[in-house]
There are 2 protein chains.
Amino acid sequence: MAMKIVASLREAISLCGLKSGMSISFHHHLRNGDYTLNRVMDEIAALGIRDLTLNASSLFDAHAPLREHIKNRVVRKINTDYMSAGLGRSISEGLMDESVEFRTHGGRPRDIALGITPIDVAFIAAPTADPAGNCSGKYGPSACGSLGYAFPDAMYAKKVVVITDNLVPYPLTDASIPEIYVDYVVPVDAIGDPRGIVSGTTKITRDPVGLVMAETAARVIRHSGLLKDGFSFQTGAGGATLAAAKFLKEIMLREKIRGSFASGGVTGYLVDMLNEGCFTSLMDVQCFDLKAVESIRTNPAHHEISAMQYASPAAKSAVVDHLDVVLLGATEIDTDFNVNVHTDSAGCIMGGSGGHSDTAAGAKLSMIIAPLFRARLPIITGRVRCISTPGRDVDVVVTQRGVAVNPAKPDLALRLKDAGLPIVDIHELKQIAERITGVPAVPPEGGRVVARVLSRDGEPLDVIRQLTR
Amino acid sequence: MAMKIVASLREAISLCGLKSGMSISFHHHLRNGDYTLNRVMDEIAALGIRDLTLNASSLFDAHAPLREHIKNRVVRKINTDYMSAGLGRSISEGLMDESVEFRTHGGRPRDIALGITPIDVAFIAAPTADPAGNCSGKYGPSACGSLGYAFPDAMYAKKVVVITDNLVPYPLTDASIPEIYVDYVVPVDAIGDPRGIVSGTTKITRDPVGLVMAETAARVIRHSGLLKDGFSFQTGAGGATLAAAKFLKEIMLREKIRGSFASGGVTGYLVDMLNEGCFTSLMDVQCFDLKAVESIRTNPAHHEISAMQYASPAAKSAVVDHLDVVLLGATEIDTDFNVNVHTDSAGCIMGGSGGHSDTAAGAKLSMIIAPLFRARLPIITGRVRCISTPGRDVDVVVTQRGVAVNPAKPDLALRLKDAGLPIVDIHELKQIAERITGVPAVPPEGGRVVARVLSRDGEPLDVIRQLTR
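This is a predicted model, so every value here is computed, not measured. In this convention, every chain numbers its residues from 1, walking through the sequence in written order. Labels follow written order: the first chain is A, the first ligand is 1, and so on. In view of the model being predicted, local features appear only for residues whose pLDDT reaches at least 70, and side-chain atom pairs are presented and counted only at 80 or more, with totals across whole chains, interfaces and linings using the full set of residues. Neither water nor hydrogens contribute to the side-chain values; these are computed over all heavy atoms in the structure.

(A) Up close: the relation of the copies chain B and chain A. The copies were overlaid with a least-squares fit restricted to C-alpha atoms from residues scoring a pLDDT of at least 70 in each copy. With an RMSD of 0.0 Å, the operation that places chain B on chain A is a rotation of 180 degrees combined with a shift of 0.0 Å along the axis. Both copies of the chain, as the preceding transformation shows, are related through a two-fold rotation axis. If distances are taken from each C-alpha of chain B to the rotation axis, the shortest is found for Pro300(B), at 4.8 Å. In this description, contact between two residues means that some pair of their heavy atoms is separated by no more than 4.5 Å. A high fraction, 100%, of the interface residues of chain B reappear at the interface in chain A, so the copies pair face to face through one surface.

Here you go:
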């Protein structure tokens, strides 16, 4: 067979025939420890290639060097599901001529599969690979666990380059992405910094406000009517949502409830719940900590899923469609239950939907946990700066001063009220917050559009405008 | 989420919108124990649907009832990789108006993926499935092990129906085919007869001629220069090739050679070789016996692969491309090393390429094991009745009276001769056979074309003509 091993990134880029104006992609499983994107971009820039579309499942502060490539017009356009504040602030300040397109973790694979966002060359950082390109995130010094977000890139890109710092003999048996999709394999010294790839451990909050909200959230789940054998659950890695998972676990163990699966970005807390019998399986598109990586490597009940299986609306079904409950965060919530996770209250980009909208749309009960205010800014507003997840997909908002239920769910409100939960109208929560913080001066809407937010089905949902100074 | 469970096959067929003139597909992992194809066809016939193209990875004697559906024009066209004599004889006698198209196990997924043979509805018999269609062949009363051949059908068919006799709760964690591809799930009493799905055990030959050939084949491998650490190997489930594997195993254990992988249809003999350290992994597109099914279920080093990864020429690489040695059978071989596995010497269809051509093309050394004659008919002829695998891909023919090496491989001939192997010109083997059997009267070439054989790359390779009486 044709050897796929290529000595350098630059050679692989040339072999792929990458030209100005094409589209390239990256996955984000190495998170803030990723070396790969920056190194590939530097090589591309050195080759004089310009005007690329960069399709990245997420962009972290580690990718701030992209600023230079944007200024030099190596990158003309960005499609991503998440952008942390490092690059986000620059985008909000008007760094790019073309607006960033924000998708969801389900919308991205949908649009790749449907050919809406075609990829010419996918670069896949792989913690382990063999010379034919079979690769896995479970093994090696840069192990990140699941490679779920890289599957659509591998399957649909015209050319696929696997970059690895742990080349093993053919065949890598327990491969995530098979050789059938891979054109070239580039061995490198390191694909990332393990300290940035996964956190050592994820920590639940010790903040008393966070603990109050977490306990309330667990009580909402308990009385939702969904917490019974077969229960399915997703939570993020935020401190308060993790604390809610801890309280939920105590309830499930005490009441001997055997759930079916937990999904999503997986933390050691979900692994513990699996091992203690709260769930029969984990459906894992991304590992957040070392315990999750160790578990997906060794426990067959901890299953890697592709981004398509996680959340794509183009899939005939996806894991998010089976969720009973999802716990989510927010930077802002408005009185129509719309949620913002893209910008801060001043409208500066510091996040993105990720799987937020996908799970909110799929789960029977989608719950936001958020304090009434942060840094003396109210979280519940008349209108969010950016609609990331539409209010129609948000059922409950849990704060430290009460629980608001979407008026579209009157039965749920009644049920929770009967159970003694502090049900409050969301307008009232807004007023409580404003009594404490005062009504903030709303920063003026900025100038031209710097980013567009697409729903998971590809519909325009909102825009983000340039910050005014 | 939308429930996919459908109460009956008939309802599922209707929901898929199957219409006359469309294309349907089946996989053959249940082999001669399969109930599914016949039952689906009966329902389709009852619905009055006609003129279908039937795309089956293989057809066995269990599928002989297809004759009636062909006569009644429910099936107008057949695409398959293999057809046993039960239906094969009828086709050879002129049952169908349109010629059968024979592909290889690699060519079939290639042509499905490229849209050359589009599938409207794929019917996937699944030994275990969950209500969302996640399915596996490893578990359940009808366990067949790998579901490798069903992957392209699931991925590329417009509609996919999973039929199972072992419905389990969502999520089936260790699924082979994920829910993202599945439209409907039909629970049934039984998808097949376990006695026909896998043989209890596969048996090596006790025939003295077979044993002579097998030992010679093992010696050829030993002296080929390929038998060293990292060695990779495939063999079929025929008695003589299995015996060759047994002799090979003894050599490998004695000489402490650690191979890399064995592939293909997997038998208990290859499982034993894995467990005794001859190989580090098995790459399994199909299980032939209970021991293989048990192994793929329990041993992570025994890996299920899709038909694409097994052999597709449209894949960026496939397992067959990595093979050192493959042992294959033949019904006829000619003096140009062309091999026939489609028909008997009289030109009657009783087989097909399966993975024959794919592995022969991919392996560094492709070896045919065949006796000089069977039932007083010589196996080595001036011209095979049907070219299944072209002579350019066949390196060595092992018989009980000597070993013929393709003249395109003079170095190999020299090396084997130096090692004391009985190297004979293939014309001489033909003469030896004819001295014993006499020169048989060649049955006349028949009438119109009843089948076309396509190479793995989709090129016309040969035709099969109607039998004359």
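Now, onward.
(B) Spotlight on helix α15 (residues 426–437) of chain B. Residue and element names in this part refer to chain B. Working definition: helices are DSSP H or I runs of at least four residues, strands are E runs of at least two. Numbering for both runs from the N terminus. Multiplying 1.5 Å by the helix residue count minus one yields the expected span of that helix. Its 12 residues place the ends of α15 17 Å apart at the C-alpha level, agreeing with the 16 Å of an ideal helix rising 1.5 Å per residue. Per-residue accessibility, obtained with a 1.4 Å probe over protein chains only, is compared with the maximum for each type, and a residue is labelled buried under 20%, exposed over 50%, and partly exposed between these values. All of the buried residues in α15 are Ile-426, Leu-429, Ile-432, Ala-433, Glu-434 and Thr-437. For α15, the secondary structure elements touched by its buried residues are β15 (332–334), β18 (373–374), β19 (377–378), β20 (380–381), β21 (396–399) and β22 (402–405). Any pair of N or O atoms that falls within 3.5 Å is considered a polar contact. Within protein, one atom must be able to donate a hydrogen and the other to accept it, and sequence-neighbouring residues count only if both atoms are side-chain atoms. At the N-terminal end of α15, a side-chain oxygen is found 2.7 Å from the backbone nitrogen of His-427, two or three residues along, and the residue is Asp-425. Immediately beyond the C-terminal end of α15, within one or two residues, lies Gly-438, with a positive phi of roughly 80 degrees.

(C) Spotlight on the environment of Arg448(B). Residues and elements named next belong to chain B. Structurally, Arg-448 is set in the loop between α15 and β23 (449–454). Spatially, the C-alpha atom of Arg-448 lies 9.6 Å from that of Val-463, the residues being 15 residues apart in sequence. If sequence neighbours within four positions are ignored, Arg-448 has contacts with Gly-94, Met-96, Asp-97, Ile-464, Arg-465 and Gln-466. Among the polar contacts listed, one links the side chain of Arg-448 to the backbone oxygen of Gly-94, at a separation of 3.1 Å. Within polar-contact distance, the side chain of Arg-448 engages the backbone oxygen of Met-96 at 2.8 Å.

(D) Main features of helix α10 (residues 268–275) of chain A. All names here are of chain A. With six of its eight residues buried, α10 lies for the most part within the structure. For α10, the full list of buried residues reads Gly-268, Leu-270, Val-271, Asp-272, Met-273 and Leu-274. Looking at the buried positions of α10, the neighbouring elements they touch are β10 (233–235), α9 (239–254), β11 (261–266), β12 (281–287), α11 (290–298) and β13 (302–304). Directly beyond the C-terminal end of α10, a positive phi value near 90 degrees is found at Gly-277.

(E) Geometry of the side chain of Asp120(A). All names here are of chain A. Inspection of the secondary structure assignment puts Asp-120 in the loop between α5 (107–113) and β5 (121–126). The exposure class assigned to Asp-120 is buried, which follows from its relative accessible area of 15%. A polar contact is formed between the side chain of Asp-120 and the side chain of Lys-158, at a distance of 3.0 Å. Excluding residues within four positions of it along the chain, Asp-120 makes contact with Met-22, Ser-23, Ala-157, Lys-158 and Lys-159.

(F) View of the packing of aromatic side chains. All names here are of chain A. The criterion for an aromatic pair is that two Phe, Tyr or Trp rings (for Trp, the six-membered ring) have centres within 6.5 Å, with stacked assigned to planes under 30 degrees apart, edge-to-face to planes over 60 apart and tilted to the rest. Per the stated rule, a full pass over the model turns up 13 aromatic pairs over all chains. Relative to Tyr-82, the ring of Phe-60 has its centre 5.7 Å away and its plane inclined at 40 degrees; by these criteria the two rings are tilted. You can see Phe-60 sitting in the loop between β2 (52–56) and α3 (66–71) and its partner Tyr-82 sitting in the loop between β3 (75–80) and α4 (85–92), a full 22 residues away along the chain. Taking the centre distance of 5.9 Å and the plane angle of 25 degrees together, the rings of Phe-231 and Phe-233 count as stacked. Of the two residues, Phe-231 and Phe-233, neither departs from the other in class, the shared state being buried. Above the plane of the ring of Phe-247 lies Lys-246, whose end atom (NZ or CZ) is 4.7 Å from the centre. Look at NZ for Lys and CZ for Arg. If either is within 6 Å of the ring centre and within 35 degrees of the ring normal, a charge sits over the ring.

(G) Broad picture of the environment of Ser353(A). All names here are of chain A. Assignment of secondary structure puts Ser-353 in the loop between β16 (339–340) and α13 (356–362). Overall, Ser-353 belongs to the buried group, its relative accessible area being 5%. Taking the C-alpha atoms as reference points, Ser-353 and Gly-210, 143 residues apart in sequence, are found 22 Å from one another. Among residues more than four places away in sequence, those in contact with Ser-353 are Asp-81, Arg-103, Thr-104, Val-341, His-342, Ser-388 and Thr-389. At a separation of 2.9 Å, a polar atom in the side chain of Ser-353 contacts the side chain of Ser-357.

(H) View of the pattern of salt bridges. Salt bridges are identified by distance alone: a Lys or Arg side-chain nitrogen within 4 Å of an Asp or Glu carboxyl oxygen. Counted under the stated rule, the structure contains 56 salt bridges over all chains. One salt bridge connects Asp324(A) with Lys364(A), and the closest N-O pair in it is separated by 2.8 Å. Taken together, the residues span a long stretch of sequence, with Asp324(A) in the loop between α12 (307–311) and β14 (325–328) and Lys364(A) in the loop between α13 and β17 (365–369) at a distance of 40 residues. Among the residues examined, Asp324(A) registers a relative accessible area of 8% and is labelled buried. Residue class for Lys364(A) comes out exposed when judged on its relative accessible area of 51%. Between Lys158(B) and Asp120(B) there is a salt bridge, and its shortest N-O distance comes to 3.1 Å. Here Lys158(B), found in the loop between α6 (151–156) and β8 (159–164), pairs with Asp120(B), found in the loop between α5 (107–113) and β5 (121–126); they are 38 residues apart in sequence, far enough to count as distant. Each of Arg76(A), Lys77(A), Glu98(A), Glu101(A), Arg103(A), Arg110(A) and Asp111(A) takes part in a single network of salt bridges with overlapping partners.

(I) Representation of the packing of helix α9 (residues 239–254) of chain B against helix α10 (residues 268–275) of chain B in the model. Residue and element names in this part refer to chain B. For the pair α9 and α10, interaxial distance at closest approach is 10 Å and the crossing angle is 10 degrees. Looking at the two axes, α9 sits roughly parallel to α10. Of the residues in α10, those touching α9 at Leu-242, Ala-245, Leu-248, Lys-249 and Met-252 are Tyr-269, Asp-272 and Met-273. Comment: axis = line fitted to C-alpha atoms, over the contacting stretch for helices; angle = value between 0 and 180 degrees taken between N-to-C directions. Oblique is the label for every angle not falling under 35 degrees (roughly parallel), over 145 degrees (roughly antiparallel), or within 65 to 115 degrees (roughly perpendicular).

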